[in-house]
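# Coordinate analysis (summary)
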Amino acid sequence: MITFTLYSRSYCHLCDDMLEQLRHSLMNPEQFAISVVDVDADPLLLAQYDELVPVLIGQKHGVAAQKICHYFLDKQALDAFLKG
C-alpha cells in the first residue's frame, strides 16, 4: 500500500484543493491511504512546512518517504512517484 501524507492547515483553500485533486487522481483509491496532518498543531512541523503548505509526501512500503510537491498538485511528479 502507498501512503500519502498531506501537511496542511485549517482554512487553507490550497490544501483543500490539493486533497481533492489527489483523491481524483488516484485510479484505485483502495490501494492508497491518505492522512492529513495540521502543521499548526506541531511546532516541529510548523517550523519545517509553515511557508510551504500544502506539502504532499508519499511513501511506499519499505522505501523512505519522498516529498512529491507543495502549493499545488504536480500531476507529473505524482505520476513519476507512482511509477517509480
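Residues numbered from 1 in each chain as written. Predicted model: local features only at pLDDT ≥ 70, side-chain atom pairs only at ≥ 80, totals over all residues. Heavy atoms only, no water.

The chain carries the name Glutaredoxin family protein in an unreviewed UniProt entry, which gives Undibacterium griseum as its organism.

### Concerning the overall build of the chain
Threshold: The numbering of helices and of strands both runs from the N terminus, where a helix is a DSSP run of H or I of at least 4 residues and a strand a run of E of at least 2. The globule rule used for comparison is 2.2 Å times the number of residues to the exponent 0.38, while the radius of gyration itself is calculated over C-alpha atoms. Each residue gets one of three labels from its accessible area relative to the maximum for its type: buried under 20%, exposed over 50%, partly exposed in between, using a 1.4 Å probe on protein chains only. Under the convention used here, a 1.4 Å probe and the Shrake-Rupley method define accessible areas, while residue burial counts only the protein chains that appear. Note on charges: Lys and Arg go in the positive column, Asp and Glu in the negative column, and His and the chain ends are not counted at all. Throughout, a charge is located at the NZ atom of Lys, the CZ atom of Arg, the CG atom of Asp or the CD atom of Glu.
Looking only at helices and strands, the chain has three helices and four strands in total. Helices and strands in the chain line up, N terminus first, as β-α-β-α-β-β-α. For a compact globule of 84 residues, the expected C-alpha radius of gyration is about 12 Å, and the chain comes in at 12 Å, within 12% of that figure. On the principal axes, the C-alpha backbone points of the chain span a range of 30 × 25 × 20 Å. In the chain, which comprises 84 residues, the proportion classed as buried is 33%. When the accessible surface of the chain is summed, it comes to about 5,500 Å², and 54% of that surface belongs to carbon and sulfur atoms. Side-chain charges in the chain split into 6 positive and 11 negative, and the spacing between the mean points of these groups amounts to 9 Å.

### Thoughts on the pairing of strand 4 (residues 66-70)
Defined as follows: Strand pairing follows a simple DSSP-based rule, namely that at least 2 bridges must link the two strands.
The pairing of strand 3 (residues 55-60) with strand 4 spans four bridges and is antiparallel. Looking at the pairing, Ile57 lines up with Lys67 of strand 4. Between strand 3 and strand 4, which pair antiparallel and follow one another directly, the connecting turn spans five residues, one of which, Gly62, has a positive phi of 80°.

### Some words on the environment of Cys69
With respect to the helices and strands, Cys69 occurs in strand 4. Along the sequence, Cys69 and Leu56 sit 13 residues apart, while their C-alpha atoms lie 5.5 Å from each other.

### A word on the side chain of Thr5
For clarity, the threshold we go by: Contact criterion: two residues are considered in contact whenever any of their non-hydrogen atoms come within 4.5 Å of each other.
As for its position among the elements, Thr5 is in strand 1 (residues 2-8). Residue class for Thr5 comes out buried when judged on its relative accessible area of 15%. Beyond its immediate chain neighbours, meaning those up to four positions away, Thr5 contacts Ser35, Val37, Val55, Leu56 and Ile57.

### Describing the nonpolar core
Note the threshold: Grouping buried Ala, Val, Leu, Ile, Met, Phe, Trp, Tyr and Cys residues that are joined through side-chain atoms within 4.5 Å yields what is termed a nonpolar core.
Phe4, Leu56 and Ile68 are the most contacted members of the largest nonpolar core, which has 14 residues in total. Among the elements of the structure, strand 1, helix 1 (13-25), strand 4 and helix 3 (75-83) are those that each provide at least two residues to this core. Core analysis: the next-biggest nonpolar cluster, separate from the first, contains nine residues, Tyr7, Val39, Val53 and Ile57 among them.

### What to know about the pattern of salt bridges
Close approach of charged atoms allows side chains with opposite charge to pair. Basically, it comes down to this: For this document, the term salt bridge refers to a Lys or Arg side-chain nitrogen within 4 Å of an Asp or Glu carboxyl oxygen.
Under the defined criterion, the tally for this structure stands at two salt bridges. Salt-bridge contacts for Asp40 lead to Arg9; the nearest nitrogen and oxygen are separated by 2.9 Å. Placement of the pair is Asp40 in the loop between strand 2 (32-38) and helix 2 (43-49) and Arg9 in the loop between strand 1 and helix 1, with a sequence separation of 31 residues. Residue Arg9 is classed as partly exposed on the basis of its relative accessible area of 21%.

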